Amino acid sequence: MQKKNILKIDHLHACIDDIPIIKGLNLSINSGEIHAIMGKNGSGKSTLAKVIAGHPNYKITQGQIFLSGEDITTQEPEIRSHKGIFLAFQYPVEIPGVSNTDFLRLAYNSQRKANKQPELDPLSFFDLLNQKTKLIEMDPTFLTRNVNEGFSGGEKKKNEILQMALLNGKLSILDETDSGLDIDALKTISNNINSLKNDDNAIILITHYQRLLDYIKPDFIHIMKEGKITYTGNSELAQQLEKYGYDYVK
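As the structure is a prediction and not an experimental result, all values here were calculated from the model.

A short note on the pattern of salt bridges
By the definition in use, this model includes three salt bridges. Close ionic contact of Glu70 with Lys83 constitutes a salt bridge, the shortest N to O distance being 2.5 Å. In this pair, Glu70 is assigned in strand 5 (residues 70-71) and Lys83 in the loop between helix 2 (77-82) and strand 6 (85-88), connecting sequence segments 13 residues apart. Residue classification places Lys83 among the partly exposed residues on the basis of a relative accessible area of 28%.

What to know about the sheet that holds strand 9 (residues 171-175)
If you trace the six strands from one edge of the open sheet to the other, you get 6-9-10-3-11-12, paired in mixed fashion. Either end of the sheet is taken by a strand with one partner, and the two such strands are strand 6 and strand 12 (228-233). The sheet shows a mean angle of 20 degrees between the axes of neighbouring strands, direction not considered. Along the sheet, helix 5 (residues 153-167) contacts strand 6, strand 9 and strand 10 (202-206); its crossing angle with strand 6, the most-contacted strand, is approximately 170 degrees. Against the sheet, helix 7 (residues 237-244) touches strand 3 (34-38), strand 11 (220-225) and strand 12, its axis set at about 45 degrees to strand 11.

Details of the side chain of Asn109
Position of Asn109 relative to the elements: it lies in helix 3 (residues 100-114). Excluding residues within four positions of it along the chain, Asn109 makes contact with Glu119 and Leu120.

A short note on the layout of surface pockets
The space that makes up the largest pocket amounts to roughly 730 Å³. For the largest pocket, the lining is made up of 29 residues, of which Ser81, Phe86, Leu87, Phe89 and Gln163 are closest to its centre. Contributing elements (two or more residues each) for the lining of the largest pocket: helix 1 (45-53), helix 2, strand 6, helix 3 and helix 5. Residues of the lining of the largest pocket, tallied by class, amount to 17 nonpolar, eight polar and four charged. Its volume calculated, the second largest pocket comes out at about 350 Å³.

Looking at the environment of Asn168
Mapped onto the elements of the fold, Asn168 is located in the loop between helix 5 and strand 9. The spacing of Asn168 and Tyr108 is 60 residues in sequence and 9.6 Å in space, taken between C-alpha atoms.

Re the environment of Ser46
Here Ser46 shows up in helix 1. Put simply, Ser46 and Phe89 are 43 residues apart on the chain and 9.2 Å apart in space, counted from C-alpha to C-alpha. Among residues more than four places away in sequence, those in contact with Ser46 are Gln90 and Asp175.

Some points on the packing of aromatic side chains
Enumeration according to the criterion identifies two aromatic pairs in this entry. Centroid distance Tyr108 to Phe125: 5.7 Å. Interplanar angle 45 degrees. Geometry classified as tilted. You can see Tyr108 sitting in helix 3 and its partner Phe125 sitting in helix 4 (residues 122-135), a full 17 residues away along the chain. Here Tyr108 falls in the buried class, since its relative accessible area comes to 10%. On the basis of relative accessible area, Phe125 is assigned to the buried category, the value being 0%. Arranged with centres 5.1 Å apart and planes meeting at 65 degrees, the rings of Phe142 and Phe151 form a pair that is edge-to-face.

Rules used throughout
- Residues numbered from 1 in each chain as written.
- Predicted model: local features only at pLDDT ≥ 70, side-chain atom pairs only at ≥ 80, totals over all residues.
- Heavy atoms only, no water.
- Salt bridge = Lys/Arg side-chain N within 4 Å of Asp/Glu carboxyl O.
- Helix = DSSP H or I, 4+ residues; strand = E, 2+ residues; numbered from the N terminus.
- Buried < 20%, exposed > 50% of the residue type's maximum accessible area, 1.4 Å probe, protein only.
- Pairing = 2+ DSSP bridges.
- Axes fitted to C-alpha atoms, helices over the stretch in contact; angles between N-to-C directions.
- Contact = heavy atoms within 4.5 Å.
- 1 Å grid on protein atoms, 1.4 Å probe; cavity = no way out; pocket = protein on both sides within 12 Å on 5 of 7 lines; lining within 4 Å.
- Points joined across faces, edges and corners; volume = space filled by probe spheres on them.
- Nonpolar A, V, L, I, M, F, W, Y, C, P; charged D, E, K, R; others polar.
- Phe/Tyr/Trp six-rings, centres within 6.5 Å; stacked < 30°, edge-to-face > 60°.

In short, geometric facts, not functional conclusions.
Next up, the structure:
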C-alpha cells in the first residue's frame, strides 16, 4: 500500500512571548508510521506538539505546517482538530460538572458537523462509546464520572486514549503519555495505542524515556535540541540513548 504524507513541517520557527522556541524545524510523517520525539528538558518537544495543534499562545514566525497536503499554518485549533489532529496532554485537566459521556458526545458531534456528516443521537452515540471502551478495556463506569475528576494518573491517560479512539484522527500527538504511570498502566496504555494504529493514520510520541518504546515500536526516533531535530534514527536508537545518554548522538 502506498503511503500518504500526513504531516509535513517546513523550516518552522515559533515563539512564545517573543522568546524563540522552535528554530527551523523540519519533519515529514507518512500514513501508517509512528514517530517518537525525544530530547532533554527545554529542547522544544512539548512546544512543537502545541504548535502543531494550534495553541494560541504560540506564534509561528516562519515556515509552514501541512496536514495531508493542506497548509494549516494559520488555522484555528478547532479547525485543525476537525481535520484530524488530536493532542493528548501530558497533564490532562479536570472539568468539574461535565460528565465524560456529555463531553465526548459534544466533541464527536462537533467533528462530524464540521465534516458535513450527520450527528449521532444519544442512544447511537452510547452504543459507539461502549464499543470504544471495550476496545481499550476501559471500565464503563468512568463514562458517568466528570471529566478526569478524581482520576488517577493512569485513568486520566486512559481517558485521553478513549478520546483518541473515538475521534479517530489522522494525526495523534501523545505528549509524555508515559508520565506518572506505573509499569502495569504503561503496558495497558501502550497496548491501547498499538491497537489504534492503522494504515491511514500516524502517531507522534513525545517522551523522555526509553521505557515507553519498549512497548510501542516507532518507525523513527527524532532527537530535538534547541528547537530543532538534530538527529533521526530507527527504533534501536532509544536503547543507545538509555545506555549512553544524549551525548551518544553527537
